[in-house]
Amino acid sequence: MDELAATMTGFARTLRAAGVAADHERTRNLLLALDHLDVTDQAEVYWAGRLTLCASPDDLPRYDRCFAAYFGGVRAAGRTEGRTVTRHVAAGREEHDEDGEGGRAESTPGTASRTELLRHRDVARLTEAERAEVHRMLAMLRDRRARRRSRRYRAAHRGVLDQRRTIREALRKGEVARLRRKAHTTRPRRVVLLVDVSGSMSPYAETLLRYAHALVRSEPRATRVFSVGTRLTHITGELRHRDPGTALNEVSRVIPDWSGGTRLGEELRHFLKNHDARGAIVVIASDGWERGDPALLGAQMARLARQANRVIWVNPHKGYEGYEPLTGGMRAALPYIDDLVAGHSLAAFEALSERLGHA
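Residues numbered from 1 in each chain as written. Predicted model: local features only at pLDDT ≥ 70, side-chain atom pairs only at ≥ 80, totals over all residues. Heavy atoms only, no water.

1. Looking at the sheet that holds strand S10 (residues 310–315)
Then, in step 1: The sheet built from six strands is open, its strands ordered S8-S7-S6-S9-S10-S11 with mixed pairing. At either margin of the open sheet sits one strand with a lone partner, and together these are strand S8 (232–234) and strand S11 (339–342). Pairwise comparison of adjacent strand axes, ignoring direction, gives a mean angle of 20° for this sheet.
Then, in step 2: Of the strand pairs in this sheet, strand S9 (residues 281–285) and S10 are connected by five bridges, and their pairing is parallel. Bridging across to S10, valine 283 finds its partner in isoleucine 312.
Then, in step 3: Against the sheet, helix H8 (residues 202–218) touches strand S6 (191–196), strand S7 (223–228) and S9, its axis set at about 165° to S6. (Pairing = 2+ DSSP bridges. Helix = DSSP H or I, 4+ residues; strand = E, 2+ residues; numbered from the N terminus. Axes fitted to C-alpha atoms, helices over the stretch in contact; angles between N-to-C directions. Contact = heavy atoms within 4.5 Å.)

2. A short note on the pairing of S10
Then, in step 1: For S10, a buried count of five out of six residues is recorded, marking the element as mostly surrounded by other parts of the structure.
Then, in step 2: Traced from S9 through helix H11 (residues 294–307) to S10, the parallel crossover comes out right-handed.
Then, in step 3: By the bridge criterion, four bridges tie S10 to S11 in an arrangement that is parallel. Its bridge partner being in S11, tryptophan 313 is matched across the sheet by leucine 340.
Then, in step 4: The parallel pair S10 and S11 is bridged by helix H12 (residues 328–333), and the resulting crossover is right-handed. (Buried < 20%, exposed > 50% of the residue type's maximum accessible area, 1.4 Å probe, protein only. Right-handed = clockwise from strand over helix to strand, strands pointing away.)

3. Some remarks on the pairing of S7
Then, in step 1: Extensive coverage of S7 is indicated by the burial of five of its six residues.
Then, in step 2: Bridge analysis of S6 against S7 gives six bridges, and the strand direction is parallel. For leucine 194, the partnering residue across the bridge sits in S7 and is phenylalanine 226.
Then, in step 3: After leaving S6, the chain enters H8 and then returns to the sheet as S7, a path that is right-handed.
Then, in step 4: Where S7 lies against S8, three bridges are found, and the strand directions are antiparallel. Bridge pairing in S8 links serine 227 to threonine 233.
Then, in step 5: Hairpin connection between S7 and S8: a loop of three residues separates the two successive antiparallel strands.

4. A word on the side chain of aspartate 59
Then, in step 1: Of note, aspartate 59 is situated in helix H4 (residues 59–71).
Then, in step 2: No salt bridge forms around the buried aspartate 59; measuring N to O, its nearest opposite-charge neighbour arginine 62 is 4.0 Å away.
Then, in step 3: A polar atom in the side chain of aspartate 59 sits 2.9 Å from the backbone nitrogen of alanine 55.
Then, in step 4: If we ignore the near neighbours within four places in the chain, the residues touching aspartate 59 are Gly19, Val20, Ala21 and Cys54. (Lys, Arg positive; Asp, Glu negative; His and termini not counted. Salt bridge = Lys/Arg side-chain N within 4 Å of Asp/Glu carboxyl O. Polar contact = N/O pair within 3.5 Å; in protein donor to acceptor, adjacent residues only side chain to side chain.)

5. As for the nonpolar core
Then, in step 1: If you look at the biggest cluster of nonpolar residues, it comprises 40 residues, and the most contacted ones within it are Tyr211, Val225, Leu239, Val283, Ile312 and Leu356.
Then, in step 2: Per-element tally for this core: the top contributor is H8, with nine residues.
Then, in step 3: Residues contacting tyrosine 211, with those up to four places away along its chain left out, are Leu138, Leu141, Phe349, Leu352, Ser353 and Leu356.
Then, in step 4: The next biggest cluster of nonpolar side chains, apart from the first, holds 22 residues, and it includes Leu194, Leu264, Phe271 and Ala277. (Core = buried A, V, L, I, M, F, W, Y, C linked by side-chain atoms within 4.5 Å.)

6. Regarding the pattern of salt bridges
Then, in step 1: Across all of its chains, the model carries 12 salt bridges by this definition.
Then, in step 2: Among the salt bridges present, the one from arginine 28 reaches glutamate 25, with a minimum N-O distance of 3.8 Å. In this pair, arginine 28 and glutamate 25 both sit in helix H2 (residues 24–34), three residues apart, roughly one turn of the helix.
Then, in step 3: Residue arginine 28 is classed as partly exposed on the basis of its relative accessible area, which comes to 47%.
Then, in step 4: Among the ionic pairs, aspartate 339 bridges to arginine 310, the shortest N-O distance being 2.6 Å. Of this pair, aspartate 339 sits in strand S11 while arginine 310 sits in strand S10; the two residues are 29 residues apart in sequence, bridging distant segments of the chain.
Then, in step 5: Members of the salt-bridge network, linked through shared partners, are Glu169, Lys173 and Arg180.

7. So, the packing of H8 against helix H9 (residues 244–254)
Then, in step 1: At a minimum axis separation of 10 Å, H8 and H9 run at an interaxial angle of 115°. When you trace H8 past H9, the crossing you get is right-handed. Two secondary-structure elements touch here, H8 through Glu206, Leu209, Arg210 and His213 and H9 through Pro244, Gly245, Ala247, Leu248 and Val251.
Then, in step 2: Here the residues of the contact of H8 with H9 are counted per class, giving five nonpolar, two polar and two charged. (Left-handed = near helix turned anticlockwise from the far one by under 90°. Nonpolar A, V, L, I, M, F, W, Y, C, P; charged D, E, K, R; others polar.)

8. Overview of the state of the cysteines
Then, in step 1: Across all of its chains, the model carries zero disulfides by this definition.
Then, in step 2: The thiol of cysteine 54 is unpaired, and the distance to the nearest cysteine sulfur, on cysteine 66, comes to 9.4 Å.
Then, in step 3: Residue cysteine 54 is classed as buried on the basis of its relative accessible area, which comes to 11%.
Then, in step 4: For cysteine 66, a relative accessible area of 1% corresponds to the buried category. (Disulfide = S-S within 2.5 Å.)

9. Examining a nonpolar patch on the surface
Then, in step 1: A cluster of nonpolar side chains, contributed by Leu161, Val176 and Leu179, occupies part of the molecular surface with about 270 Å² of accessible area.
Then, in step 2: Of note, leucine 161 is situated in strand S4 (residues 160–161). (Patch = residues over 30% accessible without salt bridge, like charges linked within 9 Å, V, L, I, M, F, W, Y side chains within 5 Å. Areas by Shrake-Rupley, 256 points an atom, 1.4 Å probe, with all protein chains shown as cover.)

10. Section: the environment of arginine 13
Then, in step 1: Looking at the element boundaries, arginine 13 is found in helix H1 (residues 2–17).
Then, in step 2: Counting along the chain gives 11 residues from arginine 13 to histidine 24, while the straight-line C-alpha distance between them is 9.3 Å.
Then, in step 3: Leave out the neighbours within four places in its chain, and arginine 13 touches Glu116, Arg119 and Glu350.

Rendered as structure tokens:
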């Protein structure tokens, strides 16, 4: 049952990344339901998940896509015979024939366990086919951005007294029939993403840009993306294309400094001079190999920290055990970073999205 719980928890995490409201309570209900079902029956697993993890009709198409991708199956239409979706859960159990004689043990891991392993692997070490699968899952990632109170108001049943609406209605009707109220609206907090496209980051740059594409697609008005290297390039417009492949082609066309050097201090100074970071969550994706003056980077990071709501540094090498920020750029920036996180795998990007949802 521990393996089953791990599998279904991973599936729920995939659904949340795709925008389905598969929270912890719904996942718990799914596990309770599976206690009374045959987990080797594809139809039963499908319908148990659909009935417990989906909250609205809008969730159903996403659920079907994620179920097919995660378990390698197809949409179930009922209790029909199909491929076993939890074969890895049954690993080590012996199959029995009608006479009760033991057969060979099931040992082939299912698609779910393969997908779970793929989520945690370093994208720089994947094959082309595996990287394409990770990029496909990244495209389904949905940003659950933290929201902040706006200065604008909306009509509400509870809140402060809306004097203007109340008076206008009283003048129209000749009496004060009802006190009108208003409350502040909310909007997603802005995210500014600076992606290092220098030579040392080349194994991770494409995946980082695909993650940036997912952020832009989720919150186009509240996301700004720049590439940094020897020049600062604003690429938000190119990333607004619906198709990730088209967006990446447009990005590669406008970035002039692919696989070059890194002058983070100079580019950050240029960014702070020409763009507004006040109140935003600023995410810098870089390994910290600074070819310029580290002191300049430190000074600009101090300026950035005073303006931004939060500064998150994504370093692919942070995912390795025993990593220490020893490069000049990292040492200079570290005092002004709120969070130093990994950025080497799909699971790391999912964790980053969760962090943006609570920042």
